[in-house]
Amino acid sequence: MEKHNKDIHDSIERYKIRHGYTSFTPRAALIDMDGTLLDSMKWHTKAWHRMMTELGVECTREEFYLYEGMTGAATIDTLIRRAFGRPATPEEKTELYARKTGYFNEYPRVEIVKGAERMVRCLMENDITCVLVTGSGQPSNLARLDDDFPGGFPHDLRITSHSVTFGKPHPEPYLKAMALAKAAPWECIVIENAPLGVESGAKAGAFTIAVTTGPIPDKELWKAGADLVLPSMETLADLLPYILNEC
Ligand code: CA
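Residues numbered from 1 in each chain as written. Predicted model: local features only at pLDDT ≥ 70, side-chain atom pairs only at ≥ 80, totals over all residues. Heavy atoms only, no water.

S.K.: Provide a residue-level description of the packing of aromatic side chains, including the pertinent values.
M.R.: Counted under the stated rule, the structure contains ten aromatic pairs. Residues Tyr15 and Phe207 carry aromatic rings whose centres are separated by 5.2 Å and whose planes lie at 80 degrees to one another, so their mutual orientation is edge-to-face. Of this pair, Tyr15 sits in helix α1 (residues 2–19) while Phe207 sits in strand β5 (residues 207–211), placing them 192 residues apart in sequence. Judged by relative accessible area, Tyr15 falls into the buried class, the value being 0%. Using a relative accessible area of 0% as the deciding quantity, one classes Phe207 as buried. Between Phe24 and Phe207 the ring centres are 5.1 Å apart and the planes differ by 40 degrees, which places this aromatic pair in the tilted class. Here Phe207 lies in strand β5 and Phe24 lies in the loop between α1 and β1 (28–31), a separation of 183 residues in the sequence. On the accessibility criterion, Phe24 (3% relative accessible area) is buried. Here a set of aromatic residues connected by ring pairs shows up, and it is made of Tyr15, Tyr21, Phe24, Trp186 and Phe207. One Lys or Arg, Lys46, reaches over the ring of Tyr107 and ends 5.6 Å from the middle of that ring. Sitting above the plane of the Tyr103 ring, Arg50 keeps its charged end 3.6 Å from the centroid. (Phe/Tyr/Trp six-rings, centres within 6.5 Å; stacked < 30°, edge-to-face > 60°. Helix = DSSP H or I, 4+ residues; strand = E, 2+ residues; numbered from the N terminus. Buried < 20%, exposed > 50% of the residue type's maximum accessible area, 1.4 Å probe, protein only. Lys NZ or Arg CZ within 6 Å of the ring centre and 35° of its normal.)

S.K.: Which residues make up helix α11 (residues 233–245), and what values do they have?
M.R.: The end-to-end C-alpha distance of α11, which contains 13 residues, comes to 18 Å, matching closely the 18 Å that a straight helix rising 1.5 Å per residue would cover. The sharpest bend along α11 comes to roughly 45 degrees, located at Leu239, with the proline Pro241 sitting one to four residues further on. Of all the positions in α11, only Met233, Thr235, Leu236, Ala237, Leu239, Leu240, Ile243 and Leu244 are classed as buried. (Expected span 1.5 Å × (residues − 1). Bend = angle between axes of the 7 residues up to and from the residue.)

S.K.: Give a description of unusual backbone geometry that names residues and reports values.
M.R.: What you tend to see is this: most non-glycine residues have negative phi, and most peptide bonds are trans. In this structure, the amide linkage connecting Lys168 to the following residue, Pro169, adopts the cis form with an omega of 15 degrees. Considering the arrangement of structural elements, one finds Pro169 in the loop between β3 (158–159) and α8 (172–181). In this structure, Asp127 is a non-glycine residue whose phi angle is positive, near 60 degrees. With respect to the helices and strands, the residue Asp127 is situated in the loop between α6 (116–125) and β2 (129–133). Backbone geometry places Lys182, a non-glycine residue, at a positive phi of 55 degrees.

S.K.: A description of the pattern of salt bridges should follow, citing residues and the corresponding values.
M.R.: Pairs can form between side chains of opposite charge whenever their charged atoms are close. Applying the stated criterion across every chain yields a total of 19 salt bridges. Across the pair Glu187 and Arg27 runs a salt bridge, and its minimum N-O distance is 3.4 Å. Of this pair, Glu187 sits in the loop between α8 and β4 (188–192) while Arg27 sits in the loop between α1 and β1, and the two are 160 residues apart along the sequence. Asp238 is the partner of Arg118 in a salt bridge, and the nearest nitrogen-oxygen pair spans 3.0 Å. (Salt bridge = Lys/Arg side-chain N within 4 Å of Asp/Glu carboxyl O.)

Quick look at the structure:
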């Protein structure tokens, strides 16, 4: 644990220097949903691959891990441009996202990421305001958060695909989350699992913690701008008291 404490201390110092901040005093945690709270990415990638293949778009299931964090509309536009050399129409975005969501809902109920409940509880006990920041607009996953994390994510403290124009990796979602939490960047921790989400959080100026919960290698998360990369959500839940204490 001592080594971890030193890593945490060093990463906070590096973060302050990088942004020119004189302090880091967390009041809010801005938290991604898919792959961070819910172990849902394996079914999202399967649903995306199935829908796009039916459409005649050549793609691999693995590539959808790279688009994780983008809104559904942005993912559809990216692939339609690549396959057909034109932007997706608004009707296509709506229809294809609904089809992908339908496939996702056919698959088994996703589990909560191990350690996520403990992580959220620790934040709540330390009076840290939690804001959900997701590129998803999928009602089934958004609705279950009330049961999975009781009191953790009030509905007026949620940024979804419906709240943003650009979406991750643009800093917009995390900047809007900071405004909802009435917190400055140096008062915010971002908790993410994917490179595009990490990039968004880091560009917004928050202390950005990346947790590897899937096949994305550590180095991609560091490259995207993570201030700290941890091997599991359980590790973050273990270290969170030290992180909050270090500030
Ligand atoms: Ca994610």
